[in-house]
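Chain residues, written in single-letter form:
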Amino acid sequence: MAARKLSASALSAFLKSPKGYYWSYVARLEPIQPSVGTYDHDKLCGILWAEFVDRFYKGVPEGQNLTQTLTDWNDKTDGWVPEKPRAKLTGALEAWGAQYYQMFSPDDGCRNGSELHLENERFVAYLDGLSPERVVHEVKSTSRAPQLSEQFLKVQTSIQVKLYCVLAEATGICIEFAFKDSPYQIVRGPIVPVTAEQRAGWEQELNALADAIISLGTDPHNYPCHPDGCTIMTKNFVGQCPFSALCQDIEGAEIGFAPRKHRK
């Protein structure tokens, strides 16, 4: 069977926890029920925000766009997200939506297309957007960090953005943050140039990582568990990897999982 092409999320999952990568991308499993404990509500908020920006650049009117976003958010969080975090992110989505139509224009040249599918013989990617000058435009919903410049740098040098730049033959990177902390705010960073030499170096790194992952095959024992990467533990909170019951071979744990859905 041909090796499955790797996405940025797959590469990042492997670096975070090889065993978590195995369950998600080799065994192709995902939890049946979403969980606040694994930040699924935050991930959903980010997905819906990216879809909002996509519709913005496709010319969808403000009222229609925001209504669609909030309807999707309410429908997809009903019954499992507690009221406090749900209300907070609802407020964020409302504020971001209003700001976006005031700050930007669909014909500002930031995007020549949205939700772009790119791939080569090893990798597959779904870009938020790409400008006519081949500048990658990536939007992130996130909390504020003490240093904005360092927060931009973290995303600009991430596995995800490097892969996007390689596949798109990008000439630059434009990162945009939607902050989930009050006051809710949109911040679009400056365009950071990307050279052909940088892309070549990133491609070499990505290919080496892909070779290492593919060489492990399908034996689960080739993928070690890495608790530091898949368990968040602080004084007031513990976020447990959703696959921990499978890793511990707890009887009946498999009933909590379903085949992982493919992204379109």
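An account of the accompanying structure is given in this report. Predicted model only: the values in this text are computed from it and were never measured.

## A look at helix α4 (residues 62–77)
Side chains that are three or four residues apart share a direction in an α-helix, a result of its 3.6 residues per turn.
Point 1. Helix length check: α4 (16 residues) gives 22 Å between terminal C-alpha atoms against 22 Å at 1.5 Å per residue, within 8%.
Point 2. Buried within α4 we find Asn65, Leu66, Thr69, Leu70, Asp72, Trp73 and Thr77. The arc that holds every buried residue of α4, seen down its axis, measures 160 degrees, which confines them to one face. Exposed residues lying more than 90 degrees from the buried face of α4 are Gln64 and Asp75.
Point 3. Positive backbone phi, at 95 degrees, marks glycine 79, one or two positions downstream of α4.

## Some thoughts on helix α3 (residues 40–57)
Point 1. The end-to-end C-alpha distance of α3, which contains 18 residues, comes to 26 Å, matching closely the 26 Å that a straight helix rising 1.5 Å per residue would cover.
Point 2. Of all 18 residues that make up α3, 13 are buried, and the element is covered over most of its length.
Point 3. Of the residues one or two after α3, glycine 59 is the one with positive phi, at around 85 degrees.

## A look at the side chain of aspartate 40
Point 1. Among the structural elements, aspartate 40 can be located in helix α3.
Point 2. At 3.1 Å, the side chain of aspartate 40 forms a polar contact with the side chain of threonine 38.
Point 3. Sequence-distant contacts of aspartate 40, defined by excluding residues within four places in its chain, comprise Pro34, Ser35 and Trp80.

## Remarks on unusual backbone geometry
Point 1. Serine 182 connects to proline 183 through a cis peptide bond whose omega is 0 degrees.
Point 2. Mapping proline 183 onto the fold places it in the loop between β5 (172–179) and β6 (185–188).
Point 3. Positioned with a positive phi, arginine 28 is a non-glycine residue whose angle comes to about 60 degrees.
Point 4. Relative to the assigned elements, arginine 28 resides in the loop between α2 (18–26) and β1 (29–31).
Point 5. Using a relative accessible area of 14% as the deciding quantity, one classes arginine 28 as buried.
Point 6. Residue glutamate 169 is not a glycine yet carries a positive backbone phi of 50 degrees.
Point 7. Residue classification places glutamate 169 among the exposed positions, given a relative accessible area of 53%.

## Some remarks on the pattern of salt bridges
Point 1. Evaluated as defined, the whole model comprises ten salt bridges.
Point 2. The residue aspartate 108 makes a salt bridge to arginine 188 at a minimum N-O spacing of 3.5 Å. Here aspartate 108, found in the loop between α5 (83–103) and β2 (113–119), pairs with arginine 188, found in strand β6; they are 80 residues apart in sequence, far enough to count as distant.
Point 3. For arginine 122, the salt bridge is made with aspartate 211, and the minimal N-O distance between the two is 2.6 Å. Residue arginine 122 is found in the loop between β2 and β3 (124–130), and its partner aspartate 211 is found in helix α8 (residues 196–214); the two are separated by 89 residues along the sequence.

Criteria and thresholds
Residues numbered from 1 in each chain as written. Predicted model: local features only at pLDDT ≥ 70, side-chain atom pairs only at ≥ 80, totals over all residues. Heavy atoms only, no water. Helix = DSSP H or I, 4+ residues; strand = E, 2+ residues; numbered from the N terminus. Expected span 1.5 Å × (residues − 1). Buried < 20%, exposed > 50% of the residue type's maximum accessible area, 1.4 Å probe, protein only. Arc of directions from axis to C-beta. Polar contact = N/O pair within 3.5 Å; in protein donor to acceptor, adjacent residues only side chain to side chain. Contact = heavy atoms within 4.5 Å. Salt bridge = Lys/Arg side-chain N within 4 Å of Asp/Glu carboxyl O.

The values reported here are purely geometric and, on their own, carry no functional implication.
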